Amino acid sequence: MSRLIVVSNRVNPPNPAEGGEGSVGGLAMALAAALREYSGIWFGWSGKTIPEFTGQLNMQRIEGVTVATVDLEETDYQEYYNGYANKTLWPLFHYRVDLTAYDRSFGEGYDRVNKRFAETLLPLIEPDDIVWVHDYHLIPVARELRRMGVTNRIGFFLHIPWPAHQLVTTLPRHKALVEALFHYDLIGFQTEESLQAFEGYVFSEVNGRKNERGELVAFGQRTCAAAFPIGVDAADFAQIVQGENARKVYDRMMAHSVFRKMIVGVDRLDYSKGLEERLIGFERFLHDHPDMVRDVMLLQIAPISRDEVEAYQDLRARLDGLIGRINGAYAEMDSTPIRYVNRSYRRDELAGIYRASRAALVTPLRDGMNLVAKEYVAAQNPDDPGVLILSRFAGAARQMKDALIINPNSPEEISDALERALSMELPERRRRWEALFDNVSREDVTAWRDDFVTALRARPGPDGDKPEKPVLTLDVAAKALKAGPEASAMRA
């Protein structure tokens, strides 16, 4: 069986020295499991910078996963990562053209680093390997590998939204970026909406088409594009919440919020997450329901990220001022409506926090999927579950229709949803949670991973050779048996 090579900007397998499975996300866990299953390699940037790029690989084995990392020089970091990735592509793909920076040096650094990644990765690739590249940082990797003669199957998955084609055209050299994607055999998006936006660009801007096999054809190339909604490891998260650390955090939060109903928000500090809109909506709730001011508490966890980027510095300052205003207006001697924390927590700690919360506010203005919403559902007590309030602009809203779906730009909708969530009777809470948990359990991260890898293996190989027979993993076999003989036959 061929190996799987995962390529991402950063490499993050579970490491016992750093807290093990409790310290990494479900995506990292799923990729690490796939790499162990397929005897693969995880390749990416080490997170370190050096005076001059050498291309020297650092190889190590972590929890059964072979990890290969490379250091970047400081100019690479500033132009590729802080520049093109975080000041150009990230805001543009999240519909924030007003924050998008177009600088020629950023684009040059982006192309240079992707070429360096490809050159460093090349010696690791064996003839039968399949390569899975992740996210917007590394769109040109396949193009560079093809130029070096690599004919292996290469897939790409975009974790963030793909914007409407009118927005893409605001990007200088946008055709070159899209053309680079056509060097992949398979392109995966989080939602049908992103897939349709990508196809809209191909049809409208470069006169692309679909052939009789459903492949996209443009730039003299052909590729397959499809939606693969990512999930969480719901079963694992449901186990984590029963662990000692999660129970301790749960007990602490229940004791701290005694006589009050806790609302939780967990987001990286980012303008795409709708944090200001969330706080303004919560302020509106306090204004609309003065009788409930002493009965509720919002815990907002927002680890600081990209603090070298000016837009993030400005956001942090605005949030500090907004929270100070709300707490100043509504705090009592013995209670404060908002608790605001700028630090990260382990997965098991978050599980305890989620379980202790009567409601979760997930209000992104634009999000590829949003796994916090799914983790919150997975962590709930089936006998007394909390209520998920979810932005319609999160990719997860397409799957999680039994959440309270709101427009995060409307303070009134947020206020009304909070009132409804906090007063919702137990039978309705249970009914909504059961439907949500069923979806989170079925469309989990393992199904996402296996579906993508199976689809990539099924793509025609070099010179149009026959696709590999899909590998029936233990996870897929178990699901097929549970679904019955008809589903097993379809899966096989």
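Now for a description of the structure that goes with this document. Since we're looking at a predicted model, the values are computed, not measured. (Residues numbered from 1 in each chain as written. Predicted model: local features only at pLDDT ≥ 70, side-chain atom pairs only at ≥ 80, totals over all residues. Heavy atoms only, no water.)

### Re helix H10 (residues 275–288)
(1) Moving on: In this model H10 runs 20 Å from its N-terminal to its C-terminal C-alpha over 14 residues, within 8% of the 20 Å that 1.5 Å per residue would give.
(2) Moving on: Every buried residue of H10 is listed here: Leu-275, Arg-278, Leu-279, Gly-281, Phe-282, Glu-283, Phe-285 and Leu-286. (Helix = DSSP H or I, 4+ residues; strand = E, 2+ residues; numbered from the N terminus. Expected span 1.5 Å × (residues − 1). Buried < 20%, exposed > 50% of the residue type's maximum accessible area, 1.4 Å probe, protein only.)

### Here we look at the packing of aromatic side chains
(1) Moving on: Per the counting criterion, the structure on display carries 25 aromatic pairs.
(2) Moving on: Ring centres 5.1 Å apart and planes at 75° place the aromatic pair Phe-157 and Trp-448 in the edge-to-face group. Within this pair, whereas Phe-157 is found in strand E6 (residues 154–157), its partner Trp-448 is found in helix H16 (residues 445–457), the two being separated by 291 residues in sequence.
(3) Moving on: According to the relative accessible area criterion, Phe-157 is buried, its value standing at 0%.
(4) Moving on: Both rings, one in Trp-162 and one in Phe-189, keep their centres 6.4 Å apart while their planes meet at 75°; by these two values the pair is edge-to-face. One end of the pair, Trp-162, is in the loop between E6 and helix H5 (165–168); the other, Phe-189, is in strand E7 (residues 186–189), with 27 residues separating them in the sequence. (Phe/Tyr/Trp six-rings, centres within 6.5 Å; stacked < 30°, edge-to-face > 60°.)

### Structural notes on the environment of Arg-457
(1) Moving on: For Arg-457, the location among the structural elements is in helix H16.
(2) Moving on: Exposure remark for Arg-457: the relative accessible area of 1% places this residue in the buried category.

### Considerations on the sheet that holds strand E1 (residues 4–10)
(1) Moving on: The 10 strands are arranged E3-E4-E2-E1-E5-E6-E7-E10-E9-E8 in an open sheet whose pairing can be described as mixed. One side of each edge strand has no neighbouring strand; the edge strands of this open sheet are strand E3 (57–62) and strand E8 (209–210).
(2) Moving on: Pairing between E7 and strand E10 (residues 221–227): 4 bridges, direction parallel. In the strand pairing of E10, Ile-187 is matched with Ala-225. (Pairing = 2+ DSSP bridges.)

### Looking at the sheet that holds strand E16 (residues 404–406)
Where strands meet in a sheet, backbone hydrogen bonds hold them as pairs that are either parallel or antiparallel.
(1) Moving on: Pairing is parallel in the open sheet, where 6 strands are placed in the order E13-E12-E11-E14-E15-E16. In this open sheet, the two strands that pair with only one neighbour each are strand E13 (338–341) and E16. Within the sheet, the average angular offset between the axes of one strand and its neighbour, ignoring direction, is 20°.
(2) Moving on: Sheet contacts for H10: strand E11 (261–266), strand E12 (296–301), E13 and strand E14 (359–362); angle to E12, the most-contacted strand, approximately 175°. (Axes fitted to C-alpha atoms, helices over the stretch in contact; angles between N-to-C directions. Contact = heavy atoms within 4.5 Å.)

### Comments concerning the packing of helix H2 (residues 74–93) against helix H3 (residues 104–121)
(1) Moving on: Across the interface, H2 lies against H3 with an axial gap of 8 Å and an inter-helix angle of 115°. Of the possible angle classes, the one that applies to H2 and H3 is roughly perpendicular. The element H2 and its partner H3 pack so that their crossing is left-handed. Facing H2, whose interface residues are Thr-75, Asp-76, Glu-79, Tyr-80, Gly-83, Tyr-84, Lys-87, Thr-88 and Leu-89, H3 presents Ser-105, Phe-106, Gly-107, Gly-109, Tyr-110, Arg-112, Val-113, Asn-114, Arg-116 and Phe-117.
(2) Moving on: By residue class, the composition of the contact of H2 with H3 is 7 nonpolar, 7 polar and 5 charged. (Parallel < 35°, antiparallel > 145°, perpendicular 65-115°, else oblique. Left-handed = near helix turned anticlockwise from the far one by under 90°. Nonpolar A, V, L, I, M, F, W, Y, C, P; charged D, E, K, R; others polar.)

### Thoughts on the pairing of E13
(1) Moving on: Pairing of E12 with E13, which is carried by 4 bridges, proceeds in the parallel orientation. When the bridges of E13 are listed, Gln-300 appears paired with Tyr-340.
(2) Moving on: Between E12 and its parallel partner E13, the chain crosses via helix H11 (residues 310–330), and the hand of that crossover is right-handed. (Right-handed = clockwise from strand over helix to strand, strands pointing away.)

### Considerations on unusual backbone geometry
(1) Moving on: Even without being a glycine, Glu-63 presents a positive backbone phi close to 50°.
(2) Moving on: With respect to the element layout, Glu-63 can be found in the loop between E3 and strand E4 (65–73).
(3) Moving on: Given a relative accessible area of 45%, Glu-63 falls into the partly exposed group.
(4) Moving on: Of note, Asn-207 is a non-glycine position whose phi angle comes to about 55°, a positive value.

### Regarding helix H14 (residues 411–423)
(1) Moving on: Counted at 1.5 Å a residue, the expected span for H14 with its 13 residues is 18 Å, and the 18 Å between its end C-alpha atoms agrees.
(2) Moving on: Of the residues making up H14, those classed as buried are Ile-414, Ser-415, Ala-417, Leu-418, Ala-421 and Leu-422. Each buried residue of H14 sits inside an arc of 165° when the element is viewed along its axis, so together they form one side.
(3) Moving on: Looking at the buried residues of H14, the elements they touch are E11, H10, E12, E14, strand E15 (387–391) and E16. (Arc of directions from axis to C-beta.)

### Side note on the nonpolar core
(1) Moving on: The biggest cluster of nonpolar side chains holds 94 residues, and the ones touching the most others in it are Val-133, Trp-162, Tyr-184, Phe-198, Ile-263 and Phe-282.
(2) Moving on: Here this core gets 9 residues from one element, more than from any other, and that element is H2.
(3) Moving on: In contact with Phe-282, other than residues within four places in its own chain, are Ile-263, Val-296, Leu-298, Pro-337, Ile-338, Ile-414 and Leu-418.
(4) Moving on: The next biggest cluster of nonpolar side chains, apart from the first, holds 64 residues, and it includes Val-6, Phe-237, Ile-240 and Val-445. (Core = buried A, V, L, I, M, F, W, Y, C linked by side-chain atoms within 4.5 Å.)

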